[in-house]
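# Architecture at a glance
As a plain string of letters, each chain reads:
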Amino acid sequence: ATLHAEHYTEQVWTNQTIRVGYDCLRSCYIVPRGRVFEIQSIAYKDSNGSDATVDLNTVRIRRKILETAVEFMPGVVVPQYTNQGPDSVFLTYKAGYELESDVPSDVKLWIMMQAYGAYEHRKTYDEKTLQENPLAIALLHPHRAYWGA
């Protein structure tokens, strides 16, 4: 049920480490899967082709309602390098809620409803039927991220 909630909302509810590839170093990254609470590394190849990382003291996490950005602090110059292309920069971060008690109550209720429904209908369990419950969808809808919209 938790994985389905994460898939539907495109948010991370459990504490996870995520690694995302980008095509270049830039001043700001909008990160998928929401709620970043720790940046672990920003790695890239420098102009000599050697592995390099960004000093994490020069970046910060900026949160909006359903969007999280990792950005360089004002006045910091983005490192220059020539190796641009798919997955030439990797951002590794921890996302989700550090404590279960911090997960929004409507998301926890949705997960419990899904687990209860699956248990009650275990002999004829059909995940699609449970997903289409309008009340259940209404509980998750405010937490849904729409990437690229």
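Overview of the structure. (Residues numbered from 1 in each chain as written. Predicted model: local features only at pLDDT ≥ 70, side-chain atom pairs only at ≥ 80, totals over all residues. Heavy atoms only, no water.)

### Side note on the environment of His4
For His4, the location among the structural elements is in helix 1 (residues 2-9). The buried category is assigned to His4, whose relative accessible area is 15%. (Helix = DSSP H or I, 4+ residues; strand = E, 2+ residues; numbered from the N terminus. Buried < 20%, exposed > 50% of the residue type's maximum accessible area, 1.4 Å probe, protein only.)

### Side note on helix 2 (residues 105-120)
The terminal C-alpha atoms of helix 2 lie 22 Å apart, and with 16 residues this matches the ideal 22 Å at 1.5 Å per residue to within 8%. Those residues of helix 2 not exposed but buried are Val107, Trp110, Ile111, Gln114 and Gly117. Projected down its long axis, helix 2 carries its buried residues within an arc of 130 degrees, all on one side. Exposed positions of helix 2 whose direction lies more than 90 degrees from the buried face are Ser105, Met112, Tyr116 and Tyr119. (Expected span 1.5 Å × (residues − 1). Arc of directions from axis to C-beta.)

### As for the sheet that holds strand 4 (residues 51-53)
Pairing is antiparallel in the open sheet, where four strands are placed in the order 1-7-3-4. Each having just a single partner strand, strand 1 (16-22) and strand 4 make up the two edges of the open sheet. Neighbour to neighbour, the strand axes of the sheet diverge by 25 degrees on average, direction disregarded. Two elements, strand 1 and strand 7 (residues 89-95), share seven bridges in a ladder whose sense is antiparallel. Of the residues in strand 7, the one forming a bridge with Ile18 is Tyr93. (Pairing = 2+ DSSP bridges. Axes fitted to C-alpha atoms, helices over the stretch in contact; angles between N-to-C directions.)

### Looking at the packing of helix 1 against helix 2
For any two helices packed against each other, one specifies the inter-axial angle together with the distance between the axes. At a minimum axis separation of 9 Å, helix 1 and helix 2 run at an interaxial angle of 125 degrees. Between helix 1 and helix 2, the angle falls in the class oblique. Two packed elements cross with a definite hand, and for helix 1 against helix 2 that hand is right-handed. Contacts between helix 1 and helix 2 pair Thr2, His4 and Ala5 from the former with Trp110, Ile111 and Gln114 from the latter. (Parallel < 35°, antiparallel > 145°, perpendicular 65-115°, else oblique. Left-handed = near helix turned anticlockwise from the far one by under 90°. Contact = heavy atoms within 4.5 Å.)

### Thoughts on the nonpolar core
Counting 23 residues, the largest nonpolar core has Leu25, Val31, Ile42, Val89, Leu91 and Tyr93 as its most contacted members. Put simply, the parts of the chain that give this core at least two residues each are strand 1, strand 2 (28-31), strand 3 (36-45), strand 6 (68-72) and strand 7. Trp13, Val107, Ala136 and Leu139 belong to the second-largest nonpolar core, a separate cluster that totals eleven residues. (Core = buried A, V, L, I, M, F, W, Y, C linked by side-chain atoms within 4.5 Å.)

### A word on the packing of aromatic side chains
This structure, assessed with the given rule, holds two aromatic pairs. Here the aromatic rings of Trp13 and Tyr97 are separated by 5.6 Å at their centres, their planes lie at 5 degrees, and the arrangement is stacked. Taken as a pair, Trp13 in the loop between helix 1 and strand 1 and Tyr97 in the loop between strand 7 and helix 2 lie far apart in primary sequence, 84 residues in all. Like Trp13, the residue Tyr97 is buried in the burial classification. Taking 4.5 Å as the distance between ring centres and 50 degrees as the angle between the ring planes, the aromatic pair formed by Tyr22 and Tyr29 counts as tilted. By relative accessible area, which is 10% here, Tyr22 ends up buried. (Phe/Tyr/Trp six-rings, centres within 6.5 Å; stacked < 30°, edge-to-face > 60°.)

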